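# Report on the structure
So you can see what is in the structure, the chains are spelled out below.
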Amino acid sequence: MSRSNQRHLFSGLLILAAIYATPAQASWLAGAFAKIVQSPSYVIVPNVLDNQPRPTEGCDPGPRRHTQAGAGQAPGVRHHGCVQNGRNVVFTVSVPRACETRSCGLIVDQHGASMNAQMQDRGTRLRAYGRDAEHFGAQSPYIVVQPNMTDLSDDASGRLDLESVVGGAYANELPILVGFVRQAIVAWGVDTKRVHFHGFSRGGSTANALHCEASTRDIFASYAVSGAGLGCAPASPTIQINGLADPRVQDADKAVQAFKQQGASSQTIASDPNWQRPKLVFQDMRLDLVGGHEHTRHVLSGLALENVRHSGAYAPTAGHCLPAKGAPSWLVCSATFDMGRKILDFFIQHPKP
């Protein structure tokens, strides 16, 4: 097996462990990982678990400087390095040019285990969607903040940071995330009615930690949860996006059923023909399985819970992936839609009153 395939297999097992593990199992896994990385054969982990970019800026968000660059005005990024309570987190930030002089919205786009901000954006494409948001009906573009919270060897302490790669929500790093977002809102003159959060997989658990806790819920006007389901009664507008072959789709379905049992009305927004079965499609000079999707909306007393299910899949994590048009990549599966566009549309439609 090639080293690349070893890394992918190891990361796939890590993600599956994060999905299924109980707290006791997570503790055992943490011990096992510690032994692995301390052994002479530690060669398959660094590129997957130690993948934060080097910071180009300090933790202070600083003035509103755009990141767009190049002839095509690509979104561009800069990397803010933050250390708090011995934790080292780098926030990758994309600021549209228009946001230097206007009050823009802000989207936090949180990745899952084994990923960093760049991998996450290959699936959500929220940097580009945030830059172009006015074309889709937004009042202004969106600044996009994508955390990088996967380092196993923490740069701040020089020790193994097992909590950052094993378990549920990024609870040990939530204070840094909340603190950076609050500072950025003020420093960049962000429209506080248009601040939103998306989390995938373990990042979906982080979205739940924020949404289901009254002290942090209202930082964000609305939420998107993917590779996970909403773990509490909806208190803010929320959209769920999950693959049919993802074990966590059951959690999302339970959230919808509970909402409907309370009397929520339902309607279908989109449904591809035979969407439950992926199709073999020739694209980008290769054959790919392309998943279809169904998108439903459920509303109770003006509060919306939307649900997107798709048949996209990616080895080795099956439907536990970020659906997007085009060729697949790590934890990104081919589909008939871009999840980033679904997320953007939902956020545009659900600012704070």
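In what follows, the structure referred to is the one given above.
All of these numbers come straight from a predicted model, not from anything done at the bench.

Further remarks concern the packing of helix α6 (residues 174-187) against helix α7 (residues 202-211). Helices that pack against each other are described as a pair by the angle of their axes relative to one another and the distance between those axes. Their axes nearest at 12 Å, the elements α6 and α7 cross at an angle of 70°. In terms of orientation, α6 lies roughly perpendicular with respect to α7. As α6 packs across α7, the resulting crossing turns out to be right-handed. Contacts between α6 and α7 involve L174, L177 and V178 on the former and, on the latter, T206, A209 and L210.

Attention shifts here to α7. Burial within α7 is extensive, with nine of its 10 residues counted as buried. Burial in α7 covers these residues: R202, G203, G204, S205, T206, A207, N208, L210 and H211. Those residues of α7 that are buried are in contact with β3 (105-110), α6, β5 (195-200), α8 (214-217), β6 (222-226) and β7 (238-243).

The next subject is the side chain of Q240. Counting through the fold element by element, Q240 comes out in strand β7. Judged by its relative accessible area of 0%, Q240 falls in the buried class. Discounting chain neighbours no more than four positions away, the residues touching Q240 are V225, G229, L230, A252, A255, V256, L305, E306, N307 and V308.

Time to look at the environment of P63. As for its placement among the helices and strands, P63 is situated in the loop between α3 (46-49) and β1 (78-84). Classification of P63 as exposed rests on a relative accessible area of 52%. Each C-alpha atom of the pair P63 and V186 lies 10.0 Å from the other, and the pair is 123 residues apart in sequence. Non-local contacts of P63, meaning those with residues more than four positions away in its chain, are made with R78 and W188.

Glancing now at the packing of aromatic side chains. Overall, the coordinates contain seven aromatic pairs when judged by the stated rule. For the ring pair F180 and W188, a centre distance of 6.3 Å and an interplane angle of 80° mean the geometry is edge-to-face. According to the relative accessible area criterion, W188 is buried, its value standing at 1%. An aromatic cluster is defined as three or more aromatic residues linked by ring pairs; in this entry it consists of F91, F180 and W188. Above the face of the Y142 ring, R194 is positioned so that its terminal group lies 4.6 Å from the ring centre.

Quick notes on the rules
Residues numbered from 1 in each chain as written. Predicted model: local features only at pLDDT ≥ 70, side-chain atom pairs only at ≥ 80, totals over all residues. Heavy atoms only, no water. Axes fitted to C-alpha atoms, helices over the stretch in contact; angles between N-to-C directions. Helix = DSSP H or I, 4+ residues; strand = E, 2+ residues; numbered from the N terminus. Parallel < 35°, antiparallel > 145°, perpendicular 65-115°, else oblique. Left-handed = near helix turned anticlockwise from the far one by under 90°. Contact = heavy atoms within 4.5 Å. Buried < 20%, exposed > 50% of the residue type's maximum accessible area, 1.4 Å probe, protein only. Phe/Tyr/Trp six-rings, centres within 6.5 Å; stacked < 30°, edge-to-face > 60°. Lys NZ or Arg CZ within 6 Å of the ring centre and 35° of its normal.

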